[in-house]
Amino acid sequence: IVQLADLKQNKINEKNSIKTRKCKIFRINEDTFKIILTQGLNRQIRKMCGALGYKVVRLERVRIMNITSSEIANGKWRELNEKEVMELKKELNILS
């Protein structure tokens with residue numbers, strides 16, 4: 001069983017010198033869980049799970065800030081709409 005409390009608190013191992021913000025984790029079923037990061041570093045989820053002895057078999061990003069990927073096919077992209085751009089600029093404090 002995945003040590004969800006350890007993942008939430010980022011208690012991965014003593015070698016991990018980079019501390020990140022806490023994350024939210026929800027168990028979907030025996031083998032699947034959902035992780036919500038507020039600060040995502042390179043390969044963070046894979047490293048967090050690997051430190052507890054688990055291998056990530058499938059990883060799906062569904063949102064970055066206010067931008068969702070629900071209607072984008074794998075390997076495709078889309079332009080941001082005006083509302084998404086404005087919300088993104090507001091979150092990043094770069095409104096002009």
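Since the structure is predicted, the reported quantities are computational estimates derived from the model, not experimental observations.

What counts as what
- Residues numbered from 1 in each chain as written.
- Predicted model: local features only at pLDDT ≥ 70, side-chain atom pairs only at ≥ 80, totals over all residues.
- Heavy atoms only, no water.
- Helix = DSSP H or I, 4+ residues; strand = E, 2+ residues; numbered from the N terminus.
- Buried < 20%, exposed > 50% of the residue type's maximum accessible area, 1.4 Å probe, protein only.
- Contact = heavy atoms within 4.5 Å.
- Areas by Shrake-Rupley, 256 points an atom, 1.4 Å probe, with all protein chains shown as cover.
- Pairing = 2+ DSSP bridges.
- Salt bridge = Lys/Arg side-chain N within 4 Å of Asp/Glu carboxyl O.
- Patch = residues over 30% accessible without salt bridge, like charges linked within 9 Å, V, L, I, M, F, W, Y side chains within 5 Å.
- Arc of directions from axis to C-beta.

## Comments concerning the overall build of the protein
Counting its secondary structure elements, the protein contains three helices and four strands. In sequence order, the secondary structure elements of the protein are arranged as α-β-β-α-β-β-α. In the protein, which comprises 96 residues, the proportion classed as buried is 17%. Excluding contacts between residues fewer than 6 apart, the proportion of contacts in the protein whose partners are at least 24 apart in sequence is 27%. Of the accessible surface of the protein, which amounts to about 8,400 Å², a share of 50% is contributed by carbon and sulfur atoms.

## With respect to the pairing of strand β2 (residues 32-36)
The pairing of strand β1 (residues 24-29) with β2 spans five bridges and is classified as antiparallel. Note that in β2 the partner of Asn29 across the bridge is Thr32. Connecting β1 to the antiparallel partner β2 that follows it, the hairpin turn spans two residues.

## Some thoughts on the pattern of salt bridges
Across all of its chains, the model carries three salt bridges by this definition. Note that Glu84 is salt-bridged to Arg78, the shortest N-O span being 2.6 Å. On the basis of relative accessible area, Glu84 is assigned to the buried category, the value being 10%. Here Arg78 falls in the partly exposed class, since its relative accessible area comes to 32%. The partner of Lys83 in a salt bridge is Glu87, with the nearest N and O atoms 3.9 Å apart. One end of the pair is Lys83 and the other is Glu87, both in helix α3 (residues 82-91) and four residues apart, which spans about a single turn.

## Brief notes about a nonpolar patch on the surface
A cluster of nonpolar side chains, contributed by Ile64, Met65, Leu92 and Ile94, occupies part of the molecular surface with about 350 Å² of accessible area. Take Leu92: it is sitting in the segment after α3.

## Describing helix α2 (residues 44-51)
Turning to α2, its buried residues number three or more, namely Gln44, Ile45, Met48 and Cys49. Along α2, the residues classed as buried sweep out an arc of 125° about the axis, all on the same side. Looking one or two residues past α2, Gly53 carries a phi angle of roughly 90°, positive in sign.

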